[in-house]
Amino acid sequence: MLAMLSPAHADDPTCDYDVTVLDSHAAKLDISVACDPALEVKQFTALGNRDHWWTDPAGYKDGKGRFTYELGAFAQAEDDMGSAMPFGDAVLATPGFLLPLPETPRAAMLRFRFRFPAGGKVVTALQPDQDGYYRVPLLRLNEAGPLILGTIAAQAIPGDPALTLAVPPGATEIANEQLTAWVSAVAESNRRFWARSPTEGGLVVLIPSPRTGVPFGRVLSLGGAVVTVLVGKQATPQELYDDWVLVHEFLHLGSPLMRDTGAWLNEGIATFYEPVLRTRAGWKSEDEVWREWISQMPRGMPAITGIGLENAGRGGIYWGGAVFALMAEIESLRASGGKIGFSDCLRTVLADGADVTVKWPTMKLLDRCDALLGKTVIAPLAKQHVEKGSAMDLDQLWRRLGVSMEGSVVHYDDGAELAWLRPLIIWGGATHPAPIPASGFFSGG
Ligand SMILES: [Zn+2]
């Protein structure tokens, strides 16, 4: 996991924080910080409101400071997964809202470590260095996932020891064992796709929400991947397996973070393969996948044929990226006589260690796919649709694949030119994989 420490930041002057967690629920912290004189720190600021910070201003001298932080009260006031929130007998907080931040004209590396004299612990995807410090560059604080401080029972996800799950006790009306079984099943659906765990050392955090189903999820991945997912307090087990969010976020874990041309390729991969994985797991039917693609992919066409994927707004990156992934899958399979798909290329990239904690330029991944194919297939596709769009007939593509929709009924034409690709796209081969049991209460459909 050395790749997570970008060499450009390794030599930046540091601010070192020693955080003493004064009680087992992490309600109160004592923080000592000392910054390298080269950083010329005169002042520390808090990102959140300062009602919960106590310090002697004279303590700012020479880039050193000492603070008392009422983290529990701050978390209650914020109640926001983007800053801080209560988490059972613990507090969930992002590094930017946990540490008093140095005001400095230079790039700084923040190093922080914890002591728990009164009990409790930290749960984080960050890996400590040999001195026990976690590291986050000041300028990239907003890319680091949240940590959990206090009393919390985090556990390895059953079947996937590379990933840790944190759920507050009694979070939802569903028993925690059933929530765990669901996360474990989603992890298995991804392991099948990636042929390994999609990231090492990742953390999955479930947060109870007053909304229904699984209303929101996201991945932050600097120094270690954290998947944060909201789960409705009254969600039913059926709703969990019917939902797409957690499968989508898990898919993000297995590819490098690509942002130089926007988020369209990361979002396209997750959007395109999410229904595929759920179908392979037995939680969705093949008809539903084609129905979803035929009805939703037109939303991506303004980017594909017009402004280009890198200029697509929020509405265009998901389905525009998904159309690109479909085209990449089809063209790879055609070029290799059905032997190598775009998904094979993604697996190769992950096998080389490029998961979501690594940043790559978009074309590095696409060029890798052409290298795997031994032909130039994917790069020209990018040329046609990334900087700006060009003609592409989606309706004609459905006809060539031999799928059509009449009302909501899907029809298949096995005599169509590309019909032979459909089982490869949906099932990954001629045979259907065994369903992943959904804790015995999933009725299918
Ligand atoms: Zn996404």
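This one's a predicted model, so the numbers in the text were calculated from it and none came from an experiment.

What follows concerns the overall build of the chain. When you go through the chain residue by residue, the secondary structure sums to 15 helices and 19 strands. Dimensions of the chain, computed from C-alpha atoms along their principal axes, come out at roughly 80 × 45 × 35 Å. Taken across its 445 residues, the chain has 47% of its residues classed as buried. The contacts in the chain between residues at least 6 apart in sequence include a share of 66% that link residues at least 24 apart.

Relative to strand β9 (residues 109-115), strand β1 (residues 14-21) runs parallel, the two sharing 7 bridges. Across the sheet, Asp 16 pairs through a bridge with Arg 111, a residue of β9. Bridge count between β9 and strand β11 (residues 134-137): 4 bridges; the pairing is antiparallel. Its bridge partner being in β11, Phe 112 is matched across the sheet by Tyr 134.

Right, let's get into the nonpolar core. Taken as a class, soluble globular proteins show a tendency for nonpolar side chains to be buried jointly. Residues Leu 71, Val 91, Ala 93, Leu 110, Ile 148, Leu 149 and Val 183 are the most contacted members of the largest nonpolar core, which totals 135 residues. Looking at this core, the element that brings in the most residues is helix α10 (residues 314-335), giving 11 residues. Setting aside anything within four residues of it in sequence, one finds Val 91 in contact with Ala 26, Leu 71, Gly 72, Ala 75, Ala 84, Pro 86, Leu 149 and Gly 150.

A few words now on the sheet that holds strand β16 (residues 216-220). Paired through backbone hydrogen bonds, the strands of a sheet run either parallel or antiparallel to each other. Strand order in the open sheet formed by 5 strands is β13-β14-β15-β17-β16, and the pairing between neighbours is mixed. For this open sheet the edge positions go to β13 (155-157) and β16, each flanked by a neighbour on one side alone. This sheet shows a mean twist of 30° between the axes of neighbouring strands, independent of strand direction. The sheet contact formed by β13 and strand β14 (residues 160-166) spans 3 bridges and is antiparallel. Considered in β14, the bridge of Ala 156 is made with Thr 164. Against the sheet, helix α4 (residues 176-194) touches β13, β14 and β15 (202-209), its axis set at about 145° to β14. Together, β15, β16 and β17 (226-232) form the strand contacts of helix α6 (residues 245-253), whose direction differs from that of β16 by roughly 10°.

The parts lose accessible area when they come together, and the size of an interface is often stated as this lost area. Domains assigned within the chain are domain 1 (2-151), domain 2 (155-247) and domain 3 (264-427). Taking only C-alpha atoms into account, the centre of domain 1 sits 41 Å from that of domain 3.

Of the residues in the chain, 95% have a pLDDT of 70 or more, and the chain-wide mean is 93. Between residues 1-8, whose pLDDT stays under 50, and residues either more than four places distant or in other chains, the model counts 10 contacts.

Taken in spatial order, the 6 strands of this open sheet run β4-β5-β2-β1-β9-β11, and their pairing is mixed. Both outer strands of the open sheet, β4 (53-55) and β11, are each paired with one neighbouring strand and no more. Averaged over all pairs of adjacent strands, the angle between strand axes in this sheet comes to 25°, irrespective of strand direction.

Its 22 residues place the ends of α10 32 Å apart at the C-alpha level, agreeing with the 32 Å of an ideal helix rising 1.5 Å per residue. Of all 22 residues in α10, 16 are buried, a share of seventy percent or more. Positive phi shows up at Gly 337, right after α10, with a value of about 60°.

Right, let's get into unusual backbone geometry. Across the chain, the bulk of peptide bonds are trans and the bulk of non-glycine residues have phi less than zero. In this structure, Ala 26 is a non-glycine residue whose phi angle is positive, near 60°. Looking at the secondary structure, you find Ala 26 in the loop between β1 and β2 (29-35). Looking at Ala 26, the number of C-beta atoms within 10 Å reads 34, which means it is buried. Its identity is not glycine, yet Ala 195 carries a phi of approximately 65°, on the positive side.

Parameters at a glance
Going along each chain's sequence as written, the residues are numbered from 1 onward. Local features are withheld for residues below a pLDDT of 70 in this predicted model, meaning they are given only at 70 or higher, and side-chain atom pairs are given and counted only at 80 or more; totals for whole chains, interfaces and linings count all residues. Secondary structure elements are defined from DSSP: runs of H or I of at least 4 residues count as helices, runs of E of at least 2 residues count as strands, and each element is numbered from the N terminus. Here the C-beta atoms are placed from the backbone, and a residue counts as buried if at least 20 other C-beta atoms lie within 10 Å of its own, exposed if 12 or fewer do, and partly exposed otherwise. Contacts here follow a simple rule: the backbone-placed C-beta atoms of the two residues must lie within 7 Å. The pairing criterion for strands is at least two bridges between them, as found by DSSP. The term nonpolar core refers to a group of buried residues, namely Ala, Val, Leu, Ile, Met, Phe, Trp, Tyr and Cys, whose C-beta atoms join them within 7 Å. Angles shown run from 0 to 180 degrees and are taken between the N-to-C directions of axes, each axis being a line fitted to C-alpha atoms and, for helices, limited to the stretch in contact. Where each domain starts and ends follows an automatic or database-derived domain assignment. The quantity known as pLDDT measures the predictor's confidence residue by residue, on a range of 0 to 100. A helix's residues, less one, multiplied by 1.5 Å, set its expected span.

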